[in-house]
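Fold and contact review
The lines below spell out each chain.
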Amino acid sequence: MASEATSAPPTPAGLPRIVAASLIGTTIEWYDFFLYGSAAALVFNKLFFPGSDPLVGTLLSFLTYAVGFAARPLGALVFGHYGDRLGRKKLLVLSLVMMGGATFAIGLLPTHATVGAAAPVLLTTLRLVQGFALGGEWGGAVLLVSEHGDARRRGFWASWPQTGAPAGQLLATGVLSLLTAVLSDDAFGTWGWRIPFLLSGVLVLIGLWIRLSVDESPVFKQALARAESRRAEEPERLPLVSVLRHHWRDILVAMGARMAENISYYVITAFILVYATTSAGVSKQTALNAVLIGSAVHFAVIPAWGALSDRVGRRPVYLLGAAGIGLWMFPFFSLVDTGSFGYLVLAVTVGLVLHGAMYAPQAAFFAEMFATRMRYSGASIGAQFASVAAGAPAPLIATALLDDYGSSTPIALYVIAAAVLTLVAVGVARETRHRDLARVEDEGGEYADASPAEEARTL
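Residues numbered from 1 in each chain as written. Predicted model: local features only at pLDDT ≥ 70, side-chain atom pairs only at ≥ 80, totals over all residues. Heavy atoms only, no water.

1. Overview of the packing of aromatic side chains
Any aromatic ring pair is given by two values, namely how distant the centres are and how the planes are angled relative to each other. We apply this condition: Between rings of Phe, Tyr and Trp, where Trp is taken as its six-membered ring, a pair exists when centres lie within 6.5 Å; planes separated by under 30 degrees are stacked, by over 60 edge-to-face, and by other angles tilted. Comment: elements are numbered from the N terminus, with helices defined as DSSP H or I runs of at least four residues and strands as E runs of at least two. The buried label goes to any residue with under 20% of its type's maximum accessible area, the exposed label to any with over 50%, and the partly exposed label to all in between, with areas taken from a 1.4 Å probe on protein chains only.
Under the counting rule described, the total for this entry stands at 13 aromatic pairs. Between Phe48 and Trp193 the ring centres are 6.2 Å apart and the planes differ by 80°, which places this aromatic pair in the edge-to-face class. Placement of Phe48 in the loop between α2 (44-47) and α3 (54-86) and of Trp193 in the loop between α9 (185-192) and α10 (194-198) is noted, with a sequence separation of 145 residues between them. The residues Phe48 and Trp193 share a single accessibility class, namely buried. An angle of 90° between the planes, with centres 6.1 Å apart, marks the rings of Phe156 and Trp160 as edge-to-face. Separated by four residues within a single helix, Phe156 and Trp160 lie in helix α7 (residues 154-162), roughly one turn from each other. By relative accessible area, Phe156 is classed as buried at 15%. Looking at Trp160, the relative accessible area reads 22%, which means it is partly exposed. These aromatic residues form a ring-pair network of at least three members: Trp138, Tyr318, Phe365 and Phe366.

Written as C-alpha cells, this is what we have:
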C-alpha cells in the first residue's frame, strides 16, 4: 500500500532528540530574525535613520527588514543544493553559525550618531547575512524530522520545528518586553536594545551543542547510496535542474500556499507594533505583551494542527486556515482599534491560531511534494522565493497603505487577496499525507508504489 512506510523509523528515544535539535535550532534562528523585526518597528528608525518623519523612518527601517527576505532565495538555492548533495545536518550547523554571528554583530553596531551613513550600510549587510542563513535553515530543519519518521505521524512530528517560529517570536518579544518594562525609554534607546542581540551568542552555543549530536537522515543516506551506485553509468543532474524539471508545479503550489501564511503572520506580529502604537494609541509595552500572549498560544496549537493533518489530510487543515485568516482581517483591525488590551490580545491570538492551521501542516506538506535528492532544494525554493513577494514587503506595504489612506481597510483587503491566492494554490494541489518519503523516485519525483487510483483516494 502507498500509505505504509517501509523505512525503519528511529527508536522512541531517537525521534524526540531529533525533533528537539531541529526545534531548538529553528527557535534560535527565528529569535534572531524576529528580534530584528521588532527592533525595526520600535527603535531602529531613530538609531539608524534619524531626521526623518517618524512614519518615514519606520518605512526605511522596515526596508532593511525586507532586505533580509531578499537574501533568503539565494540562501535557499545554495543551502538546498549542498543539502541535497552533502546532507541536511552539515548545512543546518552552518546556517546556525551564520545567523547567530550576524545577530551578535548587530548588537555591537555603532549607530548613525557615531558613524553617520555607514551605520545603516553595516546594518543592511548583517541583515543580508541573516536572510541568507535563514533561507537555508527552514528546509533542512523540517526535512531532518520529516525524513526520520514514518508517514502516520509525520504531520505531528514535522510541525514541531514549525513551533520554532512562535517560540522565537515569544523569546524575542519577551526579552524586549522585559527590557522596555524595566528600562526608561532613553536607556533602552541608548544601550538596552543591544542586550537581546548579544544574547544570541549564548543561544547559538547551546543550539550547536544539541544540533551536532543528531544523525543524518536515513532516507537521505539511502538516496545518496543509490545515486552513488548509478553515477558511473549516468552523471547526476544538479538538484536545482532536477527540481525545476520534475517539480515545477509543486514549487508553484508551495509559493502560492505561502502567500496568506507569510503575509498574515508579519502583519499580525510585526506591523501590529506600528499600527497599535500609532493608530490605536496603545503603548509599546501593551502591544508587545499582546504579541507575547498570542505567540504562546500559537506555539501550543501548532502541534495540534499538525496532528489533525495526519488524520484528515494536509489540504483540509491548510484551507481552513487560509479561509479563516481572510475572514478574520476586518474583525482583527476593529478589535485593535478599540485600544483595549483584552481585545488586542483576542485579535492577535485568534489570528495566530488561524495562521497555525496553515503553518503546522506546511512542513510535512512541502516535504512530501519532492523527491529525496531534490527535496531540500524544492522545499526551500518554494518557501523562500515566496517570502520575497509575501513576508518581505508585508510590513512595508501595510505601513505604506496606512500612511496613504489612514485606514486599516486597504490592509485588510491586502491580506484577504493573499488568502484567496492561497486557497486557489492549495485547492488545486494533491493530498500528500499518505506518501512514504523513502519510496520517491529520485529523478521523476513520482511515487512508484502508488497507482493513479491510490493517489486519487488521497485527494
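Moving on from the coordinates now.
2. Digging into the nonpolar core
The condition is simple: Among buried residues, those of type Ala, Val, Leu, Ile, Met, Phe, Trp, Tyr and Cys that are joined through side-chain atoms within 4.5 Å constitute a nonpolar core.
Phe44 and Phe332 are the most contacted members of the largest nonpolar core, which totals 128 residues. Broken down by element, the residue count for this core peaks at 17 residues, all from helix α14 (residues 248-278).

3. Observations concerning the packing of α7 against helix α15 (residues 284-312)
The test is simple: In this analysis an axis means a line fitted to C-alpha atoms, helices contributing only their contacting stretch, and an angle means the value between N-to-C directions, from 0 to 180 degrees. Angles are sorted into four bins: roughly parallel if under 35 degrees, roughly antiparallel if over 145, roughly perpendicular if 65 to 115, and oblique for all others. The hand of a helix crossing depends on one turn: near helix anticlockwise from the far one by less than a right angle means left-handed, and clockwise means right-handed. The contact criterion used is simple: two residues touch if any of their non-hydrogen atoms lie within 4.5 Å. Following the grouping adopted for this structure description, the nonpolar residues are Ala, Val, Leu, Ile, Met, Phe, Trp, Tyr, Cys and Pro, the charged ones are Asp, Glu, Lys and Arg, and the polar ones are all others, Gly among them.
At their nearest, the axes of α7 and α15 sit 7 Å apart, and the two run at 155° to each other. Considering their axes alone, α7 and α15 lie roughly antiparallel with respect to each other. For the element pair α7 and α15, the recorded crossing hand is right-handed. Contact residues: α7 offers Arg154, Gly155, Phe156, Ser159, Trp160 and Gln162, while α15 offers Phe299, Ile302, Pro303, Gly306, Ala307, Ser309 and Asp310. Residues of the contact of α7 with α15, tallied by class, amount to six nonpolar, five polar and two charged.

4. Topic: the pattern of salt bridges
So the rule is basically this: A pairing counts as a salt bridge when a side-chain nitrogen of Lys or Arg comes within 4 Å of a carboxyl oxygen of Asp or Glu.
Inspection of every chain in the model, using the stated rule, returns seven salt bridges. Between Asp84 and Arg88 there is a salt bridge, with the nearest N and O atoms lying 3.1 Å from each other. Taken as a pair, Asp84 and Arg88 share a single burial class, namely buried. Two residues, Arg314 and Glu368, come together in a salt bridge whose shortest N-O distance is 2.7 Å. Of this pair, Arg314 sits in helix α16 (residues 314-337) while Glu368 sits in the loop between α17 (341-367) and α18 (375-389), and the two are 54 residues apart along the sequence. Taking relative accessible area as the criterion, Arg314 reaches 0% and is therefore assigned buried. Its relative accessible area of 0% is what places Glu368 among the buried residues. Linked by salt bridges that have partners in common, Asp84, Arg88, Glu147 and Arg375 make up one network.

5. Focus: the packing of α14 against α15
When two helices pack together, their arrangement is given by the angle between their axes and by how far apart the axes lie. The geometry of α14 relative to α15 is characterised by a closest axis approach of 8 Å and an angle of 160° between their N-to-C directions. Relative to α15, the element α14 lies roughly antiparallel. Where α14 crosses over α15, the two elements pack in a sense that is right-handed. Residues Tyr265, Ile268, Thr269, Ile272, Leu273, Ala276 and Thr277 of α14 form the contact with α15, whose own contacting residues are Lys284, Ala287, Leu288, Val291 and His298. Within the contact of α14 with α15, the residues separate by chemical class into eight nonpolar, three polar and one charged.

6. Let's talk about the side chain of Glu147
Assignment of secondary structure puts Glu147 in the loop between α6 (118-146) and α7. When residues no more than four places from it in sequence are discounted, the contact partners of Glu147 are Arg88, Ser217, Pro218, Val219, Phe220, Thr372, Arg375 and Leu437.

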